[in-house]
Amino acid sequence: MIKLHHLEYSRSTRIIWLFEELGLKYDMVRHQRHPETMRAQADLAAIHPLAKAPTVIVDDHLMMESGAIIEYILEQYGEGRLAPAVGSKDRAEYLEWLHFAEGTLANPVIIQMLAPRFGGLGEGYAPFVEGEVVKLLDYVEHHLDNREYMVGDGFTGADINITYVIELAMAGGMLANRPASMAYGKRMMARAAYKKAIELGGPVVPTLAG
Ligand SMILES: N[C@@H](CCC(=O)N[C@@H](CS)C(=O)NCC(=O)O)C(=O)O
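Considered domain by domain, the protein chain is made up of domain 1 (2-83 + 194-208) and domain 2 (91-191). On a C-alpha basis, the centres of domain 1 and domain 2 stand 20 Å from each other. Taken together, the contacts link 19 residues of domain 1 with 26 residues of domain 2. Taken over both partners, the interface formed by domain 1 and domain 2 buries close to 2000 Å², and the fraction arising from carbon and sulfur atoms is 60%. The tally of links from domain 1 across to domain 2 stands at three salt bridges. Among the ionic pairs, Arg 11 bridges to Glu 102, the shortest N-O distance being 2.8 Å. At the boundary of domain 1 with domain 2, the tally comes to nine residue pairs in polar contact (both at pLDDT 80 or more). Every element with two or more residues in the side of domain 1 that touches domain 2 is listed here: helix H1 (12-22), helix H3 (66-77) and helix H8 (192-201). Element by element, the count of residues in the side of domain 1 that touches domain 2 is highest for H3, at six residues. Residues belonging to the side of domain 1 that touches domain 2 are distributed by class as follows: eleven nonpolar, three polar and five charged.

The next point concerns the site of the ligand. Around the ligand lies a shell of 15 residues, among which Arg 39, Lys 52, Ala 53, Glu 65 and Ser 66 are the nearest. Between Arg 14 and the ligand, the recorded distance is 3.4 Å, taken from a side-chain N or O atom to an oxygen atom. Residue Glu 65 places a side-chain N or O atom 2.4 Å away from a nitrogen atom belonging to the ligand. The fraction of the free accessible surface of the ligand (510 Å²) that becomes covered by protein chains is 89%. Residues belonging to the shell around the ligand are distributed by class as follows: six nonpolar, two polar and seven charged.

Across a sheet, strands are paired by hydrogen bonds formed along the backbone, either parallel or antiparallel in direction. Reading across from one edge, E2-E1-E3-E4 is the order of the four strands in this open sheet, with mixed pairing throughout. For this open sheet the edge positions go to strand E2 (26-31) and strand E4 (61-64), each flanked by a neighbour on one side alone. Direction aside, neighbouring strands of the sheet carry axes that sit 20° apart on average. Where strand E3 (residues 55-58) lies against E4, four bridges are found, and the strand directions are antiparallel. Residue pairing in the sheet places Thr 55 in a bridge with Met 64 of E4. Across the sheet, H1 touches strand E1 (2-7), E2 and E3, and the angle it forms with E1 is around 140°. On top of the sheet, H3 reaches E1, E3 and E4; it is set at about 135° to E4, its chief contact.

Taken together, Ile 111, Tyr 125 and Phe 128 make up a surface patch of nonpolar side chains, about 320 Å² in accessible area. Here Tyr 125 lies in helix H5 (residues 122-144). We classify Tyr 125 as partly exposed; its relative accessible area is 40%.

Right, let's talk about the packing of aromatic side chains for a bit. Overall, the coordinates contain seven aromatic pairs when judged by the stated rule. Where Trp 17 meets Phe 155, the ring centres are 5.7 Å apart and the plane angle is 40°; that geometry is what we call tilted. Taken together, the positions of Trp 17 in helix H1 and Phe 155 in the loop between H5 and helix H6 (157-171) put the pair 138 residues apart, joining distant regions of the chain. Comparing Trp 17 with Phe 155, the two get one shared label, buried. Measuring from ring centre to ring centre gives 5.6 Å for Trp 97 and Tyr 139, while their planes differ by 25°; the resulting arrangement is stacked.

Examined against the element boundaries, Ala 192 turns out to sit in helix H8. Separated by 175 residues in sequence, Ala 192 and Trp 17 place their C-alpha atoms 9.2 Å apart.

For the rest of this paragraph, the subject is the packing of H1 against H6. Taken N-terminus to C-terminus, the directions of H1 and H6 make an angle of 145°; their axes are 10 Å apart at the nearest point. For the crossing formed where H1 meets H6, the hand is right-handed. In this structure, H1 contributes Arg 14, Trp 17, Leu 18 and Glu 21 to the contact, and H6 contributes Asp 159, Ile 160, Asn 161, Thr 163, Tyr 164 and Val 165. A class-by-class count of the residues in the contact of H1 with H6 yields five nonpolar, two polar and three charged.

Analysis parameters
- The residue numbering used here restarts from 1 in each chain and proceeds along that chain's sequence as written.
- Only residues with pLDDT of 70 or above have their local features reported here, since the model is predicted, and side-chain atom pairs are shown and tallied only from 80 upward, although totals for entire chains, interfaces and linings are computed over all residues.
- Excluded from the side-chain calculation are hydrogens and water; included are all heavy atoms of the structure.
- For the domains described, the bounds stem from an automatic or database domain assignment.
- In what follows, residue pairs with any heavy atoms lying within 4.5 Å of each other are defined as contacts.
- Throughout, the accessible surface (probe 1.4 Å) given up by two parts as they are put together, summed over both, is called the buried area.
- Only one rule defines a salt bridge in this text: a Lys or Arg side-chain nitrogen within 4 Å of an Asp or Glu carboxyl oxygen.
- By the criterion applied in these results, polar contacts are pairs of N or O atoms within 3.5 Å in which, for protein atoms, one can donate a hydrogen and the other can accept it, and in which residues neighboring in sequence qualify only through two side-chain atoms.
- Helical segments are the DSSP runs of H or I of at least four residues, strand segments are the runs of E of at least two, and each set is numbered from the N terminus.
- Asp, Glu, Lys and Arg are counted as charged, while Ala, Val, Leu, Ile, Met, Phe, Trp, Tyr, Cys and Pro are counted as nonpolar; the rest, among them Gly, fall into the polar class.
- Summary of the distance rule: residues count as near a molecule or strand when at least one heavy atom falls within 4 Å of that molecule or strand.
- A 1.4 Å probe and the Shrake-Rupley method give the accessible areas. Residues count as covered only by the protein chains that appear here.
- A strand pair is defined by DSSP finding two or more bridges across the two strands.
- Only the contacting stretch of a helix is used when fitting its axis, a line to C-alpha atoms as for every element, and angles between N-to-C directions run 0 to 180 degrees.
- Patch criteria: residues need more than 30% relative accessible area and no salt bridge. Like-charged residues are merged within 9 Å; nonpolar side chains of Val, Leu, Ile, Met, Phe, Trp and Tyr are merged within 5 Å.
- For every residue, the accessible area (1.4 Å probe, protein chains only) is compared with the maximum for its type, and the residue is labelled buried under 20%, exposed over 50%, or partly exposed between those bounds.
- Only rings of Phe, Tyr and Trp enter the pairing, Trp through its six-membered ring, and a pair is recorded when the two centres are within 6.5 Å. The plane angle decides the type: under 30 degrees is stacked, over 60 is edge-to-face, the rest tilted.
- It is the rotation of the near helix from the far one that decides the hand of a crossing: anticlockwise by less than a right angle makes it left-handed, clockwise makes it right-handed.

Spelled out as structure tokens, the structure:
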């Protein structure tokens, strides 16, 4: 049995969504954030030393890192769904977008989003971060112009991984002038399996809770 450790308001919603898209059977253990620091707590640290979500136990592997989990689950349990086959023409682009979400896009977006809570970025750092966010989100916007999915003609794991970041950018007001990304985010969030993931795991962004 696959076990998912889900932290409220977090990236582990991606993995609930993935499992629901695939119709896989899994156990879910819920973890709460510390109400003041918003960090994961000792119950998640007891599972993985980094106390990060998603953490998954699958085939006796303890895994964290959304992109790796998505890739592994699809490899082992996807039965050809949600990823272009190894050797197919879309495979390289798929892997690039799957890992772009966390490798390049997520950090600057999250830093910019959290900055007000910590008194802002300061004069020196703000242009550095904000310039990067503009460049990255413009790149995504340009890619999504006239496209339904991140890669090829179908929904893939790359869509699951990037939608978390798109949703944060949306909540942080960063997509106001990026209509293709906004429409894409709404399209992804309208999928039945995404809605099921929110029903099971709660909202992704605390300010949208309730
Ligand atoms: N690159 C990792 C990031 C994992 C991560 O930072 N998860 C956050 C939740 S969105 C977390 O567990 N935060 C709790 C903490 O750091 O205390 C991934 O994509 O899975």
